[in-house]
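The chain contents come next:
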Amino acid sequence: FIYYLLVIIAISASIFREKMVWMFCSSGIFAYTTLMYLDANQHMAHMTSDFRSHLFGMWINFVGSAILISFFISRLTATLRNRERALAQAREEILKNEQLIGIGTLAASTVHSFGTPLSTIAMATDEIEVLHTDNDTLDCTTMIKTQIERCKNTMMKLTSLANHKESPYQNIMLELFIAELQEHFILMNADPMPVFNVNDAKLKSFLPGGVLLLHAIINLIDNAIQAAKTQVDITIDSSETSVDIIIED
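This report concerns the structure included in the present document. Per chain, the residues get numbers from 1 upward, laid out in the order the sequence is written. In keeping with the model being predicted, local features are shown solely for residues with a pLDDT of at least 70 and side-chain atom pairs are shown and tallied solely at 80 or more, while totals for entire chains, interfaces and linings include all residues. For the side-chain quantities, the full set of heavy atoms in the structure was used; hydrogens and water were omitted.

### With respect to the packing of aromatic side chains
(1) Moving on: Aromatic pairing here means that ring centres of Phe, Tyr or Trp (its six-membered ring) are within 6.5 Å. Orientation follows from the plane angle: under 30 degrees is stacked, over 60 is edge-to-face, and everything else is tilted. Scanning the model with the defined rule gives 3 aromatic pairs in all.
(2) Moving on: Taken together, a centroid distance of 5.6 Å and an interplanar angle of 10° make the contact between Phe16 and Phe24 stacked.
(3) Moving on: Burial status follows relative accessibility: with a 1.4 Å probe on protein chains alone, a residue under 20% of its type maximum counts as buried, one over 50% as exposed, and anything between as partly exposed. What makes Phe16 partly exposed here is its relative accessible area of 33%.
(4) Moving on: Measuring from centroid to centroid gives 4.7 Å for Tyr32 and Phe62, while their planes differ by 85°, and the two rings are edge-to-face. Residue Tyr32 is found in helix α2 (residues 18-39), and its partner Phe62 is found in helix α3 (residues 49-131); the two are separated by 30 residues along the sequence. An identical accessibility class is assigned to Tyr32 and Phe62; each is buried. Secondary structure elements follow DSSP: runs of H or I no shorter than four residues count as helices, runs of E no shorter than two count as strands, and numbering proceeds from the N terminus.

### Structural notes on the packing of helix α5 (residues 174-188) against helix α6 (residues 210-227)
(1) Moving on: The angle between two axes is taken between their N-to-C directions and runs from 0 to 180 degrees, where each axis is a line fitted to C-alpha atoms and a helix contributes only its stretch in contact. Running from amino to carboxyl end, α5 crosses α6 at an angle of 45°, the nearest separation of the two axes being 11 Å. As the angle between them shows, α5 and α6 are arranged oblique. Viewed along their axes, α5 and α6 form a crossing whose handedness is right-handed. Side by side, α5 and α6 meet where Phe177, Glu180, Leu181, His184 and Phe185 of the first sit next to Leu213, Leu214, Ile217, Ile218, Ile221, Asp222 and Ile225 of the second.
(2) Moving on: Here the nonpolar group is Ala, Val, Leu, Ile, Met, Phe, Trp, Tyr, Cys and Pro; Asp, Glu, Lys and Arg are the charged ones; every other residue, Gly included, is treated as polar. By residue class, the composition of the contact of α5 with α6 is 9 nonpolar, 1 polar and 2 charged. Working rule for angles: under 35 degrees goes down as roughly parallel, over 145 as roughly antiparallel, 65 to 115 as roughly perpendicular, anything else as oblique. By the definition used in this description, the sense in which the near helix is turned from the far one sets the handedness, with an anticlockwise turn below a right angle giving left-handed and a clockwise turn giving right-handed. Here a residue-residue contact requires only that any non-hydrogen atoms of the pair lie within 4.5 Å.

### Digging into the sheet that holds strand β4 (residues 233-238)
(1) Moving on: Pairing between two strands is assigned when DSSP locates at least 2 bridges connecting them. Pairing within the open sheet is mixed, and its 3 strands lie in the order β2-β4-β5. A single partner strand is all that each edge strand has here, and the edge strands are β2 (195-199) and β5 (243-248). Between one strand axis and the next, the sheet turns through 15° on average, direction left out of account.
(2) Moving on: Strands β2, β4 and β5 of the sheet are contacted by α5, whose axis makes an angle of about 165° with β2.
(3) Moving on: Along the sheet, α6 makes contact with β4 and β5, crossing β5 at roughly 25°.

### Some points on α2
(1) Moving on: One less than the number of residues in a helix, times 1.5 Å, gives the span that helix is expected to have. With 22 residues, α2 extends 32 Å between its outermost C-alpha atoms, agreeing within 8% with the 32 Å of an ideal straight helix rising 1.5 Å per residue.
(2) Moving on: Among all positions of α2, only Val21, Cys25, Gly28, Ile29 and Tyr32 are buried. Seen from one end, α2 has its buried residues packed into an arc of 90°, which puts them on one side. Projecting away from the buried face of α2 at angles above 90 degrees are the exposed residues Lys19, Phe30, Tyr37 and Leu38. Relevant arc is that of directions from the helix axis to the C-beta atoms, nothing else.

Given below as structure tokens:
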């Protein structure tokens, strides 16, 4: 019944890590060797040269079987684990891609649905300019047209991203990046209004990340505004190799 130790070694090789497998293997070989040594005195009458060779051959067979099982099954188990891990990562990537496709489709349909209301607002603004020619009204209509144009530009960017015509990671000039941040919070009428401190920034340098980076920073500043009791400071500093953006509430 000594070969039942091989069953234990095989089970350990299929469920444990390699180090633990070799511990079970060594323990099995040690158990067999110990029992063989202790049991030899009970069989002195049978210990002819042929029988001794038989017992030694059984021991060699057990040791070889234990080592082969530990080696091949542990390698097979490790390969299966790696394969399962790779499949899980592939499934996650597929789910992420499907989510991105869904967001792109939603963005395209949203942009399309906003087109008509913006055109209507633009037409109404033109009619107001015809009917009312005083300076205050003209200033208001000019501001409305500017914001309509800004909305259209944003919608065009979203459409390009959704149709993969433009990369969301396209570099953006630091000067434009800061201006869009400031304009966003002015239009949102944030309370408290964040204070931008630009310290010797190289405004003509470019930042990687594009639209995604811009919205990530906007989200961080929004969080700071919600947590702030008095003021939010955004300090922007740049060198030849890096740009530091520090948000303090």
